[in-house]
Amino acid sequence: MIGLIQRVSTASVSIEGEVVGEAGKGLLLLLGVQKGDDKQKADRLLDKLLRYRVFPDDDGKMNLSLVDIAGDLLVVSQFTLAADTRKGTRPGFSSAASPADAEALYDYFCEAAKERVSTATGRFGADMQVSLVNDGPVTFWLEV
């Protein structure tokens, strides 16, 4: 599983002009599911994401996690994260999970996240418009 996280002051996802998910101070997670990913990997990524220290403490150092600041999480599916870009000028997606497998794991991840932090989501497979204010900017690639 691949997670691209961005520290945000605000973020939202819209479908056909309707906001379907939004977050205040916290993280935007673009989530990519690859072949062979399973619930154990989803759990590991979620644990890592929730504990990843990307928010500033009183000294301005990145020492606080999403849990520490009681921040929001916005999860958006993004199968293009699984792209192979090593050759040519067109991405390949042979390493991406099938749509059915990816959706099941995305749903599992989102439900698990909702049990632990304030979580909003996009809609799997939809044409979404994502808006955000990247705070920092701070962006990290997480992979398990």
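This text follows the structure it describes.
A brief look at the structure comes next. The numbering scheme is per chain: residues are counted from 1 as the chain's sequence reads. In keeping with the predicted nature of the model, local features appear solely for residues at pLDDT of at least 70, side-chain atom pairs appear and are counted solely at 80 or more, and the whole-chain, interface and lining totals rest on all residues. With hydrogens and water stripped out, all remaining heavy atoms of the structure feed into the side-chain values.

Section: the packing of aromatic side chains
This is how the line gets drawn: Pairing of aromatic rings covers Phe, Tyr and Trp, the last through its six-membered ring, and needs centres within 6.5 Å; plane angles under 30 degrees mean stacked, over 60 mean edge-to-face, and all others mean tilted. Helix numbers and strand numbers start at the N terminus; a helix is a DSSP run of H or I with at least 4 residues, a strand a run of E with at least 2. For every residue, the accessible area obtained with a 1.4 Å probe (protein chains only) is divided by the maximum for its type, and the residue is called buried under 20%, exposed over 50%, and partly exposed between those limits.
Counted under the stated rule, the structure contains three aromatic pairs. A centroid spacing of 5.6 Å and a plane angle of 70° characterise the contact between Y52 and F140, whose relative ring orientation is edge-to-face. Taken together, the positions of Y52 in the loop between α1 (39-51) and β4 (55-56) and F140 in strand β8 (residues 129-143) put the pair 88 residues apart, joining distant regions of the chain. Arranged with centres 4.7 Å apart and planes meeting at 40°, the rings of F79 and F93 form a pair that is tilted. A residue pair is termed long-range when its members are at least 10 positions apart, and F79 in the loop between β6 (72-77) and α3 (99-114) and F93 in the loop between β6 and α3 qualify at 14 residues. By relative accessible area, which is 52% here, F79 ends up exposed. For F93, a relative accessible area of 31% translates into the label partly exposed.

Some words on unusual backbone geometry
Cis geometry is adopted by the peptide bond preceding P137, which originates at G136 and carries an omega value of -5°. Looking at where P137 falls in the secondary structure, it is placed in strand β8. Residues other than glycine seldom take positive phi values, yet E16 does so here, at roughly 50°. One can find E16 in the loop between β1 (2-15) and β2 (18-23). By relative accessible area, E16 is classed as exposed at 80%.

Quick look at the nonpolar core
For soluble globular proteins, the rule of thumb is that nonpolar side chains tend to be buried together. Quick note on the threshold: Here the nonpolar core consists of buried residues drawn from Ala, Val, Leu, Ile, Met, Phe, Trp, Tyr and Cys, with membership extended through side-chain atoms lying within 4.5 Å. We call two residues contacting when some pair of their heavy atoms lies within 4.5 Å.
In terms of nonpolar packing, the biggest core is built from 27 residues, with L29, L31, L49, L73, V75 and F109 touching the most fellow members. Among the elements of the structure, β3 (26-32), α1, β6, α3 and β8 are those that each provide at least two residues to this core. The biggest single contributor to this core is α3, with seven residues. Once residues within four sequence positions are removed from consideration, F109 is found in contact with L29, L31, A42, L45, L46 and V75. One finds I2, I15, A120 and M128 within the second-largest nonpolar core, a separate group that totals 14 residues.

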